[in-house]
Amino acid sequence: MQQENRKLNFDVLVVGGGIAGGESALNLANLGYKVLLVEKELSIGGKMILLSKVFPTLDCAACITTPKVSEIARHPNITIFTGAEAKNITKKGEHQFEAVVLKKPRYVVVEDCTGCQLCEEACPVSVTDEYQYGLAGRKAAFIPFSIASPRAAAIDIENCILCGACERACPTNCIDFTQTEEEVLVKIKSVVVATGFNLFDPLKIPRYNYGKAKNIITSMQMERQLAPTRPYNTILRPGDGKMPDNIAYVLCTGSRDKSIGNPICSQICCMYSIKQAQLLMGALPMADVTIYYLHIRAFGKGFNEFYAQAQDMGVEFVKGKVGKITEKENGNLMLRYEDIEAGVVKEAEHDMVVLSVGVLPNMEISESFKTEKLALDPFNFVNQSDVLASPAKTSIEGVFVAGTASGPMDIPDSILSGGAASAETTSYLRRASL
Amino acid sequence: MEIEKGKTAKWLKEQRPVPKEVTGKLKEFTKIKKGILNALKEGDKTIPELAKILDMPQDEVVFQLMSLLKYGFVETGEMDDMDEYFYYKIKNNGKN
Ligand SMILES: Cc1cc2nc3c(=O)[nH]c(=O)nc-3n(C[C@H](O)[C@H](O)[C@H](O)COP(=O)(O)OP(=O)(O)OC[C@H]3O[C@@H](n4cnc5c(N)ncnc54)[C@H](O)[C@@H]3O)c2cc1C
Ligand code: SF4
């Protein structure tokens, strides 16, 4: 490992480059603070940049995210490290923090890469594309996705055969296999934690048969299928490429379920499923869409109207608890469910099932804090120590939380929360100069 | 020693070998790709048809074919008479 031990100074370290971290970084930078934004993926933008359209306005997600992301990327007061993680965050005193940032090699000099994709074309390797949530392949030399920021290639070194084809194809000589891991020591005055959420893994509910029955997908996979940068030519069943015409949604997959260790509501699944149902009715006009739900949580501004709109479009809502999903020989799926209103167990056949997976905490970051403990709440999200009066405040003075790192929420609330975190960070920083 | 720009892959290969699983996976992909492209050279096919000819599970054909679509070897054709499956066809005679 290359131990350059570069030392850098910033006002604020923002950990996580999703919409919440991005919003915080942008606000702080606009106020003149120097911000280091550390993102562990190859692109900033978090989950939002991979979505299709957003509820309740049905605006295209990329159209909202792209300008924001490029504003962040171009801002003179923001330095971005992608493929990087903040490892040791220590508090030395008030307004004095240090962090060790681990930068993984990308094997591409980002500043020199024009995003021409010639390396991608030349690379002979094909492996599973994590940014398409496993639905299709990508090369070992690859641009993560077309609207990625930075829109630069990266080498997946674990799957690379070191044939050098990419290097020979690259017109700017920006591929560099001599890069190594780098540790950078940064000094900052405060920290914003915006590390987002994890998606529930439906393999944990074996009776749903996800993974075995190939025409059962997660809502994130459906989000990719509906996005302009989709993996297939249109919406298809991953099991056999058939165009589905009778799609079921199973809400609360991995939420409000003590048996899998997550008793709370994920807040977004009802609404994104209603959104996807509307988009599917548009993309596949002949298709039937049925949503199996326990309760519809449509609490936000315009949400109930959005729900009514789906009903008017013909989306069927069944108040039912799905017990089991089995696969038929033709790839269709039998759903066994308790019809809650009638109080009987019923069965229904669908040709594709979408599991509306829930929001889980991403706890990792709490381990990075070495001197003082970053407290978590009973559900393992970052604890908001003064949730009513000061929602971004955490157990550590000078460390603030933004977005879904503190609990499930949608995009508008994540942006609000990012705004709150930047405001509270500012007043903390101002106190230093009083 | 200065490592020559544009030849750094060769340099890294000299430092450490490429694991067998990685080259193995590439061989498998190359074989499947050839199989799919050869079958499509004979005429446009649906995914179930390709699966039968290649004796492969249909879900794997979807994955590989969609990758080839992205890489520019294949393009989408018409829908079948039942409006269920698309036909896929070879693009540029299989050269991207
Ligand atoms: C299927 C689906 C559909 C959705 N549709 C909608 C919709 O239509 N409308 C809507 O309002 N909301 C929707 N949402 C919710 C939306 O995705 C979230 O509200 C939003 O993404 C939260 O943003 P965030 O920045 O808090 O978290 P994230 O998007 O999770 O971003 C967190 C970022 O932090 C990075 N990170 C994590 N840990 C570290 C670390 N240790 N170091 C450095 N970086 C790290 C991650 O890589 C990521 O980039 C949907 C969610 C899903 C799952
Ligand atoms: S060196 Fe690696 S990344 Fe580059 S083309 Fe060859 S296999 Fe692909």
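That block above? That's the structure.
Values in this document were obtained by computation on a predicted structure and should not be read as measured data.

**Some words on the site of ligand 2**
Alright, step 1. Lining the immediate environment of ligand 2, one finds 14 residues, of which Cys123, Cys160, Cys163, Gly164 and Cys166 of chain A sit closest.
Alright, step 2. Counted by class, the shell around ligand 2 contains 13 nonpolar, one polar and no charged residues.

**Here's the deal with the sheet that holds strand 18 (residues 288–293) of chain A**
All names here are of chain A.
Alright, step 1. Strand order in the open sheet made by the seven strands is 16-22-17-18-19-20-21, with mixed pairing throughout. Every interior strand has two partners, whereas the edge strands, strand 16 (216–218) and strand 21 (344–350), have only one. Neighbour-to-neighbour, the strand axes of the sheet open up by a mean angle of 40 degrees, direction not taken into account.
Alright, step 2. Note that strand 17 (residues 246–253) and strand 18 share five bridges and pair parallel. By the bridge assignment for strand 18, Asn246 is matched with Asp288.
Alright, step 3. Packing against the sheet, helix 6 (residues 269–283) makes contact with strand 17, strand 18, strand 19 (316–327) and strand 22 (352–357), and its axis sits at approximately 170 degrees to strand 17.

**A look at the pattern of salt bridges**
Side-chain pairs of opposite charge can arise where the charged atoms are in close proximity.
Residues and elements named next belong to chain A.
Alright, step 1. Overall, the coordinates contain 17 salt bridges over all chains when judged by the stated rule.
Alright, step 2. In this structure, the salt-bridge partner of Lys242 is Asp351, at a minimum N-O distance of 2.9 Å. Separated by 109 residues along the polypeptide, Lys242 in the loop between helix 5 (219–226) and strand 17 and Asp351 in the loop between strand 21 and strand 22 bring together distant segments of the chain. Both residues of the pair, Lys242 and Asp351, belong to the buried class.
Alright, step 3. Several salt bridges converge on common partners, so that one network encompasses Lys92, Glu98 and Lys187.

**Some points on the side chain of Ser414 of chain A**
Alright, step 1. On the secondary structure map, Ser414 of chain A appears in helix 8 (residues 411–433).
Alright, step 2. Not counting chain neighbours up to four residues away, the residues in contact with Ser414 of chain A comprise Ile19, Ala20, Gly403, Thr404 and Met409 of chain A.

**Digging into the site of ligand 1**
Residues and elements named next belong to chain A.
Alright, step 1. Every one of the 38 residues lining ligand 1 counts as a neighbour, but Glu39, Lys47, Lys275, Thr404 and Ile411 are closest to it.
Alright, step 2. Between ligand 1 and Phe55, the relevant distance is 2.9 Å, taken from an oxygen atom to a main-chain nitrogen or oxygen of the residue.
Alright, step 3. Asn362 places a polar side-chain atom, nitrogen or oxygen, 3.2 Å from a nitrogen atom of ligand 1.
Alright, step 4. Protein chains bury 98% of the 1000 Å² of accessible surface belonging to ligand 1 in isolation.
Alright, step 5. Taken together, the elements giving at least two residues each to the shell around ligand 1 come down to helix 1 (19–30), strand 4 (53–54), strand 7 (84–93), strand 15 (197–199), helix 5, helix 6 and helix 8.
Alright, step 6. Considering only residue class, the shell around ligand 1 consists of 18 nonpolar, 11 polar and nine charged.
Alright, step 7. Residue-level mapping places the shell around ligand 1 at the junction of two domains, with at least three residues from each of domain 1 (6–103 + 182–196 + 362–434) and domain 3 (200–359).

**Quick look at the layout of surface pockets**
Residue and element names in this part refer to chain A.
Alright, step 1. By volume, the second largest pocket is sized at about 1100 Å³.
Alright, step 2. Surrounding the second largest pocket, 37 residues form its lining, Leu42, Gly83, Lys104, Pro105 and Arg106 being those nearest its centre.
Alright, step 3. Looking at the lining of the second largest pocket, the elements that each hand over two or more residues are strand 1 (2–9), strand 6 (78–81) and strand 12 (154–155).
Alright, step 4. In terms of residue class, the lining of the second largest pocket is built from 16 nonpolar, eight polar and 13 charged.
Alright, step 5. Each of two domains, domain 1 (6–103 + 182–196 + 362–434) and domain 2 (105–180), supplies a minimum of three residues to the lining of the second largest pocket.

**Digging into the interface of chain A and chain B**
Alright, step 1. Tallying the contact residues gives 38 residues for chain A and 34 residues for chain B.
Alright, step 2. Both faces combined, the contact of chain A with chain B buries some 3000 Å², and carbon together with sulfur accounts for 60% of it.
Alright, step 3. Three residues stand out in chain A for area buried against chain B, namely Ile161, Leu162 and Asn233 of chain A, and they jointly supply 19% of the buried area on that side.
Alright, step 4. At the junction of chain A and chain B, the tally comes to one salt bridge.
Alright, step 5. Between Asp129 of chain A and Lys70 of chain B there is a salt bridge, and its shortest N-O distance comes to 3.6 Å.
Alright, step 6. At the junction of chain A and chain B, the tally comes to 12 residue pairs in polar contact (both at pLDDT 80 or more).
Alright, step 7. Of the residues belonging to the side of chain A that touches chain B, the class tally is 15 nonpolar, 12 polar and 11 charged.

**Things to note about helix 2 (residues 61–74) of chain A**
Alright, step 1. Compared with the 20 Å implied by 1.5 Å per residue over 14 residues, the 20 Å span of helix 2 of chain A between its first and last C-alpha is a close match.
Alright, step 2. Where helix 2 of chain A is buried, its residues touch helix 1, strand 3 (35–38), strand 4, strand 5 (59–60) and strand 6 of chain A.

**Focus on helix 6 of chain A**
Alright, step 1. For helix 6 of chain A, with 15 residues, the first-to-last C-alpha span of 20 Å sits near the 21 Å given by 1.5 Å per residue.
Alright, step 2. The buried fraction of helix 6 of chain A is high, at 13 of 15 residues.

**A few points about the nonpolar core**
All names here are of chain A.
Alright, step 1. Grouped together as the largest cluster of nonpolar side chains are 61 residues, with contacts concentrated most on Leu13, Val191, Val193 and Phe369.
Alright, step 2. Per-element tally for this core: the top contributor is helix 1, with six residues.
Alright, step 3. Composition of this core by domain shows at least three residues from each of domain 1 (6–103 + 182–196 + 362–434) and domain 2 (105–180).
Alright, step 4. If near-sequence neighbours (up to four positions away) are discounted, Val191 is found in contact with Leu13, Val15, Ile89, Phe97, Phe369, Gly398, Val399 and Phe400.
Alright, step 5. In this structure, Ile217, Ile264, Ile291 and Phe306 belong to the second largest nonpolar core, which totals 59 residues.

**Describing unusual backbone geometry**
Alright, step 1. In this structure, Pro56 of chain A follows Phe55 of chain A across a cis peptide bond, with omega equal to -10 degrees.
Alright, step 2. Mapped onto the elements, Pro56 of chain A comes out in the loop between strand 4 and strand 5.
Alright, step 3. Cis geometry marks the peptide bond from Ser149 of chain A to Pro150 of chain A, where omega comes out at 0 degrees.
Alright, step 4. Relative to the assigned elements, Pro150 of chain A resides in the loop between strand 11 (141–142) and strand 12.
Alright, step 5. Of note, the phi angle at Asp83 of chain B is positive, near 60 degrees, even though the residue is not glycine.
Alright, step 6. If you trace the backbone, Asp83 of chain B turns up in the loop between strand 1 (74–79) and strand 2 (86–90).
Alright, step 7. Classification of Asp83 of chain B as exposed rests on a relative accessible area of 53%.

**Brief notes about the state of the cysteines**
Residue and element names in this part refer to chain A.
Alright, step 1. The final tally for this structure, using the stated rule, is one disulfide over all chains.
Alright, step 2. Between Cys60 and Cys63 runs a disulfide, and the two sulfur atoms are separated by 2.2 Å. Taking the torsion about the S-S bond as the criterion, the Cys60 to Cys63 disulfide, at about 90 degrees, is right-handed.
Alright, step 3. According to the relative accessible area criterion, Cys63 is exposed, its value standing at 52%.
Alright, step 4. The thiol of Cys170 is not disulfide-bonded; the next cysteine sulfur, from Cys174, is found 3.6 Å away.
Alright, step 5. The cysteine Cys269 is free of any disulfide, with Cys252 supplying the nearest cysteine sulfur at 6.7 Å.

Each value, and the rule that gives it
Residues numbered from 1 in each chain as written. Chains lettered and ligands numbered in written order. Predicted model: local features only at pLDDT ≥ 70, side-chain atom pairs only at ≥ 80, totals over all residues. Heavy atoms only, no water. Near = heavy atom within 4 Å. Nonpolar A, V, L, I, M, F, W, Y, C, P; charged D, E, K, R; others polar. Pairing = 2+ DSSP bridges. Helix = DSSP H or I, 4+ residues; strand = E, 2+ residues; numbered from the N terminus. Axes fitted to C-alpha atoms, helices over the stretch in contact; angles between N-to-C directions. Contact = heavy atoms within 4.5 Å. Salt bridge = Lys/Arg side-chain N within 4 Å of Asp/Glu carboxyl O. Buried < 20%, exposed > 50% of the residue type's maximum accessible area, 1.4 Å probe, protein only. Polar contact = N/O pair within 3.5 Å; in protein donor to acceptor, adjacent residues only side chain to side chain. Areas by Shrake-Rupley, 256 points an atom, 1.4 Å probe, with all protein chains shown as cover. Domains from an automatic or database assignment. 1 Å grid on protein atoms, 1.4 Å probe; cavity = no way out; pocket = protein on both sides within 12 Å on 5 of 7 lines; lining within 4 Å. Points joined across faces, edges and corners; volume = space filled by probe spheres on them. Buried area = accessible area lost by both parts, 1.4 Å probe. Expected span 1.5 Å × (residues − 1). Core = buried A, V, L, I, M, F, W, Y, C linked by side-chain atoms within 4.5 Å. Disulfide = S-S within 2.5 Å.

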